[in-house]
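Observations on the three-dimensional arrangement
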Amino acid sequence: MADKTHNYEAQAVAEEVGAKLLAQDAAVQSLGITLDSIGPGHARLVMKVREDMINGAGICHGGIITTLADSAFAFACNSYNRLTLAAGIAVDFIAPAHQGDVLTATAAEVSRSARTGVYDINVTDQQNKFCLLYTSPSPRDRTHHRVCRLLLEKWGGGGGGG
């Protein structure tokens, strides 16, 4: 019973963090990125490739696809309500995305300890074809700031948080 309660509480925390991150992330909002799902250590974000995301080669700009992946990483690694940032990234472009494609970034925790975590993020199109693979280590902030509280303090909100 305790495991079920813990899992429920962890999921509720992840959902609250996801909602607050989504509401406060201007970059995510400007790209039309939506949060499809979130849970402890994982997240899935979706973005439709628009005309203003197309580069001179006629395909979606790699930086925009990387931003989608990085955003999924941010939601996944902060889902525990501990401020966590990327220490670096490795990105492999597999196939281009085109205007009208619907891209899905799925972030999954590979490992997590008290000090670091490693996350893999796959970006696929609506046909489940891989567009980008992204890996990032994430050192955890040893001061254990809470994401929700930090967002509330920064933007003057109240209530909620951990």
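Please read these numbers as outputs of a predicted model, since none were measured by experiment.

The next subject is the overall build of the protein. When its secondary structure is counted, the protein shows four helices and six strands. Mapped in sequence order, the helices and strands of the protein form the string α-α-β-β-α-β-β-β-β-α. Buried residues in the protein amount to 34% of all 162 residues. For the protein, restricting intrachain contacts to residue pairs at least 6 apart in sequence, the fraction spanning at least 24 positions comes to 64%.

Time to look at helix α3 (residues 62-77). Note that an α-helix has 3.6 residues per turn; residues three or four places apart therefore point the same way. Counted at 1.5 Å a residue, the expected span for α3 with its 16 residues is 22 Å, and the 22 Å between its end C-alpha atoms agrees. For α3, the complete set of buried residues consists of Ile64, Ile65, Thr66, Leu68, Ala69, Ser71, Ala72, Phe73, Phe75, Ala76 and Cys77.

On to the state of the cysteines. Each disulfide consists of one covalent bond between the sulfur atoms belonging to two cysteines. In total, this model carries zero disulfides according to the counting rule given. No disulfide involves Cys131; its sulfur sits 8.6 Å from the nearest other cysteine sulfur, which is in Cys60.

To continue, consider the side chain of Asp125. Note that Asp125 resides in the loop between β5 (116-124) and β6 (130-139). Within the structure, Asp125 has its side chain in polar contact with the backbone nitrogen of Gln127 (distance 2.9 Å).

Take the environment of Asp92 next. Assignment of secondary structure puts Asp92 in strand β3 (residues 90-93). The exposure class of Asp92 is partly exposed, given its relative accessible area of 46%. Discounting residues that sit within four places of it in the chain, Asp92 has contacts with Cys131, Leu132 and Leu133.

Mapping Asp101 onto the fold places it in the loop between β3 and β4 (102-112). In this structure, the C-alpha to C-alpha distance between Asp101 and Val49, residues 52 residues apart in sequence, is 5.4 Å. Excluding residues within four positions of it along the chain, Asp101 makes contact with Met47, Lys48, Val49 and Gln126. In terms of polar contacts, Asp101 uses its side chain to reach the side chain of Gln126, at 3.0 Å.

Reading the values: the criteria
- Residues numbered from 1 in each chain as written.
- Predicted model: local features only at pLDDT ≥ 70, side-chain atom pairs only at ≥ 80, totals over all residues.
- Heavy atoms only, no water.
- Helix = DSSP H or I, 4+ residues; strand = E, 2+ residues; numbered from the N terminus.
- Buried < 20%, exposed > 50% of the residue type's maximum accessible area, 1.4 Å probe, protein only.
- Contact = heavy atoms within 4.5 Å.
- Expected span 1.5 Å × (residues − 1).
- Disulfide = S-S within 2.5 Å.
- Polar contact = N/O pair within 3.5 Å; in protein donor to acceptor, adjacent residues only side chain to side chain.

Read these as geometric descriptors, not functional statements.
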